[in-house]
Amino acid sequence: MAFIEMQEVGYTYKEGEEPPVTALKNIDLEVEQGEMIAIIGPNGSGKSTLAKLFNGLFQPTTGRVTIGGLDTSNQDKIWEIRQQVGMVFQNPDNQLIATMVEEEVAFGPENLGLPPAAIRARVEEALQMVGLDEFRQAAPHHLSGGQKQRVAIAGIFAMRPDCIVFDEPTAMLDPMGRKEVMATIQKLRSEGKTIIYITHFMEEVVDCDRVIILQEGEKILEGTPQEAFQARDLIKNADLELPEVPYLVYRLREAGLQLPPNILTPESLVDKLCLLN
Ligand SMILES: Nc1ncnc2c1ncn2[C@@H]1O[C@H](COP(=O)(O)OP(=O)(O)OP(=O)(O)O)[C@@H](O)[C@H]1O
Ligand SMILES: [Mg+2]
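Residues numbered from 1 in each chain as written. Chains lettered and ligands numbered in written order. Predicted model: local features only at pLDDT ≥ 70, side-chain atom pairs only at ≥ 80, totals over all residues. Heavy atoms only, no water.

### Regarding the domain arrangement of the protein chain
With domains assigned, the protein chain is organised as domain 1 (4-240) and domain 2 (243-277). In this structure, domain 1 and domain 2 have C-alpha centres spaced 32 Å apart. Of the residues lining the interface, eight residues belong to domain 1; the matching set on domain 2 comes to seven residues. Roughly 710 Å² of surface becomes buried between domain 1 and domain 2 when both sides are summed, with 76% attributable to carbon and sulfur atoms. Where domain 1 meets domain 2, there are zero salt bridges. (Domains from an automatic or database assignment. Contact = heavy atoms within 4.5 Å. Buried area = accessible area lost by both parts, 1.4 Å probe. Salt bridge = Lys/Arg side-chain N within 4 Å of Asp/Glu carboxyl O.)

Rendered as structure tokens:
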């Protein structure tokens, strides 16, 4: 059994007098421990709804979600499930509440009921992990967007989840902050964490193990980044844009250059172009 399994999952919002909105339809998905999966899709395609199904924040309207073999609809296990899967959202300001960085990171371990020495050790470890140990006494609102997002990540890391779901964590950041956060996520990945990475920046998925593309609540593609980038018509129809290098390769091939289609990085494009001479 895979670490995360979704079987024929659907989700419909039914609120008050409003007509129901079906945000997800018929989603099958398996995620193995240690994998990094990217989920991309245009606005309103169901990404954030899917994110909330990964840790039982939402229950599927149809189908079944299991995390580490535990069904998320099992209310007796919900605490255990939430401990296994942490979530980082788009806006760091909405996630930070403490007046000092180390207090912020300590919230999670405190809620786990750990003794003070263990809490201190976890806070220290988490701040080192995100490269903010020198900012432990800083006020979060004085930090840059990228640093704030790293504080949020440290807070989740300190609870030692197996998996972290990131819902567009770089969308509100400048290029510098975006780089810092991406580097931190790669570090989490190298430590063996399972990563679910939601984004609408196609260039951010180049390094993922697997890409899922959502459109109008349905999974329209699942494959490696290379496979995803080669599905150009599908990407265009879904209102997404190819990253620069795959787009350039696509145009060069269209113009008649004999390049392989699966080039993702500037380095390998340069290598392949030089070989043509
Ligand atoms: N609370 C809600 N009540 C009713 N409909 C909702 C609610 N939240 C989301 N939806 C609808 O569900 C669909 C999927 O929304 P969702 O937020 O999951 O998409 P998304 O891919 O995360 O979009 P974005 O790129 O804008 O973040 C959309 O049609 C949206 O309008
Ligand atoms: Mg969203």
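### Brief notes about the site of ligand 1
In the region of ligand 1, 13 residues are neighbours, and Gly44, Gly46, Lys47, Ser48 and Thr49 sit closest. Gly44 is positioned such that a nitrogen or oxygen atom in its backbone is 2.8 Å from an oxygen atom of ligand 1. One of the backbone nitrogen or oxygen atoms of Gly46 is found 3.1 Å away from an oxygen atom of ligand 1. Contact with the protein chains removes 63% of the 630 Å² of surface that ligand 1 exposes when unbound. (Near = heavy atom within 4 Å. Polar contact = N/O pair within 3.5 Å; in protein donor to acceptor, adjacent residues only side chain to side chain. Areas by Shrake-Rupley, 256 points an atom, 1.4 Å probe, with all protein chains shown as cover.)

### Section: the state of the cysteines
Evaluation of the coordinates by the stated rule reveals zero disulfides. Cysteine Cys163 remains unbridged, with the sulfur of Cys208 as its closest cysteine sulfur at 13 Å. Given the relative accessible area of 0%, Cys163 is considered buried. (Disulfide = S-S within 2.5 Å. Buried < 20%, exposed > 50% of the residue type's maximum accessible area, 1.4 Å probe, protein only.)

### A look at the layout of surface pockets
Of the pockets and cavities examined, the largest pocket occupies roughly 570 Å³. Lining the largest pocket we find 23 residues, and of these Met87, Gly108, Gly155, Ile156 and Met159 sit closest to its centre. Of all the secondary-structure elements, those providing two or more residues to the lining of the largest pocket are helix H2 (78-84), strand S6 (85-88), helix H3 (101-111) and helix H5 (145-157). Within the lining of the largest pocket, the residues separate by chemical class into 13 nonpolar, eight polar and two charged. Here the second largest pocket defines a volume of roughly 290 Å³. (1 Å grid on protein atoms, 1.4 Å probe; cavity = no way out; pocket = protein on both sides within 12 Å on 5 of 7 lines; lining within 4 Å. Points joined across faces, edges and corners; volume = space filled by probe spheres on them. Helix = DSSP H or I, 4+ residues; strand = E, 2+ residues; numbered from the N terminus. Nonpolar A, V, L, I, M, F, W, Y, C, P; charged D, E, K, R; others polar.)

### Brief notes about the sheet that holds strand S9 (residues 210-215)
With mixed pairing, the six strands of this open sheet are ordered in space as S6-S7-S8-S3-S9-S10. Each edge of the open sheet is held by one strand with a lone partner, namely S6 and strand S10 (218-223). For this sheet the average axis-to-axis angle between neighbouring strands, irrespective of direction, equals 20°. Where S6 meets strand S7 (residues 163-167), four bridges bridge the pair, whose relative direction is parallel. Across the sheet, Met87 pairs through a bridge with Val165, a residue of S7. Contacts from helix H6 (residues 175-190) reach strand S3 (36-40), S7 and strand S8 (194-199) within the one sheet, and its direction differs from that of S8 by about 155°. (Pairing = 2+ DSSP bridges. Axes fitted to C-alpha atoms, helices over the stretch in contact; angles between N-to-C directions.)

### Description of the sheet that holds strand S5 (residues 70-71)
Read across the open sheet, the four strands follow the order S2-S1-S4-S5; overall the sheet is antiparallel. Of all the strands in the sheet, the pair left with one neighbour each is strand S2 (21-31) and S5. Where strand S1 (residues 4-13) and S2 come together, seven bridges link them in antiparallel fashion. Across the sheet, the residue bridging to Tyr13 is Val21, located in S2.

### A word on the confidence of the model for the protein chain
Looking at the protein chain, pLDDT values average 94 and 100% of them are 70 or higher. At the low end of the mean pLDDT range in the protein chain sits helix H8 (residues 232-237), at 89; at the high end sits S1, at 98. (pLDDT = per-residue confidence, 0-100.)

### Description of the side chain of Thr72
Topologically, Thr72 is positioned in the loop between S5 and H2. The exposure class assigned to Thr72 is buried, which follows from its relative accessible area of 0%. Among all residues touching Thr72, those that are not within four sequence positions of it are Leu53, Gly56, Gln59, Pro60, Val65, Ile67, Ile78 and Ile81.

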